[in-house]
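Close look at the chain arrangement
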Amino acid sequence: MLATLSRVRLRLLHRRPSGLTCVLAERELTLAGRRNVPSKHVSTSAPLQAKARKNAQKRELSEKTQTYFFVDNRRVRLVAGSGGKGACSFHSEPRKEWGGPDGGNGGDGGSIFIKADRVVKSLVQIVPVYKAEDGQSGSNKNCYGRNGRPSFISVPIGTVVKEQGRIIVDLSVHGQEYMAVFGGAGGKGNRFFLSNENRAPVTATHGSEGEERVLHLALRTMAHAGLVGFPNAGKSSLLRAISRARPAVAPYPFTTLNPHVGIVKYRDYEQIAVADIPGIIQGAHQNRGLGLSFLRHIERCRFLLFVVDLSSPEPWTQLQHLRYELDQYDPELSQRPHVIVANKIDLPETREKLQTLKSRVTQRVIAVSAVTGHNTEELIFHLRELYDGYLHGDSSTEEGKYTW
């Protein structure tokens with residue numbers, strides 16, 4: 001039988017293409033070696049033309065797939081767990097005809113807590129609806145139902161919880177918790193209603209429904225410094241130049257739609273967070289453009305960096321409009337410690353505008369180029385001066401005394 005199969009296989013070898021012939025020849029050699037039978041009419045000098053099969057490897061995810069967008073607003077519906085119902089039963093045991101009621105109470109429903117966590121950086125993981133676990137029903141033999149487990153929603157530090165436009169709580173400390181909805185109470189079993197007047201109660205109550213609320217979560221970026229400027233002023237490029245953050249930049253005009261936070265590291269291991277606030281336009285305090293949705297990120301910044309574009313016809317007018325928008329939103333914002341960053345100094349005909357800008361303002365002006373990295377060291381050192389002054393409670397600089 002084996003001899004017949006070998007003859008048929010060898011006949012097929014002469015009729016097939018060369019690549020497949022080599023593969024079948026190798027298989028024939030393998031089988032012959034296992035049977036310890038010498039293989040005839042098999043050529044081992046022909047090159048192997050079939051493609052070698054490689055191990056399947058996972059493809060690397062593209063940059064677009066790996067991008068997680070920064071989400072700073074979420075509307076969530078929270079539903080706490082309902083309480084379990086109480087049981088109605090009577091003790092049944094031989095030689096105990098009047099054992100009495102033994103129905104246990106139901107368990108309480110689970111509550112939902114909102115907890116600030118420094119590991120979480122965005123509200124992107126928040127889902128629209130949260131439902132806590134219900135309490136279990138009671139049973140006979142005075143067994144109480146198990147309480148529903150509480151649910152915890154982790155949010156970044158700096159999250160503000162609102163309800164119908166009113167601020168309820170500001171979660172600004174790591175580990176701070178807020179009980180958003182309370183679980184329903186469990187029902188009572190008939191054992192609960194036992195009294196001297198009623199020795200055989202048949203009453204058992206259902207558990208109450210859990211609390212339900214619709215809340216609005218808003219994240220105010222926790223950063224030490226904020227880059228404030230009009231669109232296409234070079235804020236994203238400047239953040240890339242002084243930190244390892246990688247916001248999107250391009251050679252054509254466009255505005256950033258999502259805020260980014262970069263970390264500036266120093267040799268003494270101190271770190272300063274710098275936030276790239278999306279571009280502000282005239283009338284932003286009236287909710288034009290991106291409007292109020294990103295002006296609130298400036299509220300938590302301890303000091304500001306006003307980024308002006310030296311390539312514009314009048315850079316000093318941009319500074320006036322920026323201060324006006326901040327004053328209309330919150331008069332205290334423009335009074336915070338700040339520095340003026342004149343960007344795009346590498347372009348021609350910007351030296352004269354820089355001198356005019358310095359003559360029109362009394363604050364310190366730092367001319368930089370986010371593209372070439374010119375004079376970014378001075379900006380980083382000045383950031384550290386502002387940060388050290390914030391830690392000590394006051395700061396003496398060229399602009400005078402700051403009140404923190």
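Residues numbered from 1 in each chain as written. Predicted model: local features only at pLDDT ≥ 70, side-chain atom pairs only at ≥ 80, totals over all residues. Heavy atoms only, no water.

With respect to the overall build of the protein chain
- For the protein chain, the helix and strand inventory stands at 8 helices and 16 strands.
- Counting all 404 residues of the protein chain, 42% fall into the buried class.
- Here the contacts in the protein chain between residues at least 6 apart in sequence split such that 70% fall between residues at least 24 apart.
- When the accessible area of the protein chain is evaluated, it comes to approximately 24,400 Å², of which 50% is carbon and sulfur surface. (Helix = DSSP H or I, 4+ residues; strand = E, 2+ residues; numbered from the N terminus. Buried < 20%, exposed > 50% of the residue type's maximum accessible area, 1.4 Å probe, protein only. Contact = heavy atoms within 4.5 Å. Areas by Shrake-Rupley, 256 points an atom, 1.4 Å probe, with all protein chains shown as cover.)

Section: the pattern of salt bridges
- A complete count under the given rule lists 9 salt bridges for this structure.
- Of the charged contacts, one joins Glu 212 and Arg 77 as a salt bridge, the two residues approaching to 2.7 Å between their closest N and O atoms. In this pair, Glu 212 sits in strand S8 (residues 212–219) while Arg 77 sits in strand S1 (residues 73–79), placing the two residues 135 residues apart along the sequence.
- For Glu 212, a relative accessible area of 46% puts it in the partly exposed group.
- Here Arg 77 falls in the partly exposed class, since its relative accessible area comes to 35%.
- In this structure, Glu 163 engages Arg 213 in a salt bridge whose closest nitrogen and oxygen atoms are separated by 2.5 Å. In this pair, Glu 163 is assigned in strand S5 (residues 159–163) and Arg 213 in strand S8, connecting sequence segments 50 residues apart.
- Classification of Arg 213 by relative accessible area gives buried; the value is 13%.
- Connected via shared salt-bridge partners are Glu 133, Arg 146 and Arg 149. (Salt bridge = Lys/Arg side-chain N within 4 Å of Asp/Glu carboxyl O.)

Re the sheet that holds strand S7 (residues 177–181)
- With mixed pairing, 3 strands are arranged side by side in an open sheet as S4-S2-S7. A strand with exactly one partner marks an edge of an open sheet, and here the two such strands are strand S4 (151–155) and S7. Each neighbouring strand pair of the sheet contributes to a mean axis angle of 30 degrees, computed without reference to strand direction.
- Relative to S4, strand S2 (residues 112–116) runs parallel, the two sharing 5 bridges. By the bridge assignment, Ile 112 is partnered in S4 with Ser 151. (Pairing = 2+ DSSP bridges. Axes fitted to C-alpha atoms, helices over the stretch in contact; angles between N-to-C directions.)

Some points on the nonpolar core
- In terms of nonpolar packing, the biggest core is built from 25 residues, with Ala 342 and Leu 357 touching the most fellow members.
- Looking at this core, the element that brings in the most residues is helix H6 (residues 315–329), giving 4 residues.
- Counting residues in hydrophobic clusters, the runner-up holds 24 residues, among them Ala 245, Val 264, Tyr 266 and Leu 305. (Core = buried A, V, L, I, M, F, W, Y, C linked by side-chain atoms within 4.5 Å.)

Topic: the environment of Gly 138
- Along the chain, the position of Gly 138 falls in the loop between strand S3 (129–131) and S4.
- Assessed through its relative accessible area of 14%, Gly 138 is described here as buried.
- Through-space distance from the C-alpha of Gly 138 to that of Gly 84 is 7.0 Å; in sequence the pair is 54 residues apart.
- Once you skip the residues sitting within four places of it in the chain, Gly 138 turns out to touch Lys 85, Ala 87, Gly 104, Asn 105, Gly 106, Cys 143, Tyr 144 and Gly 145.

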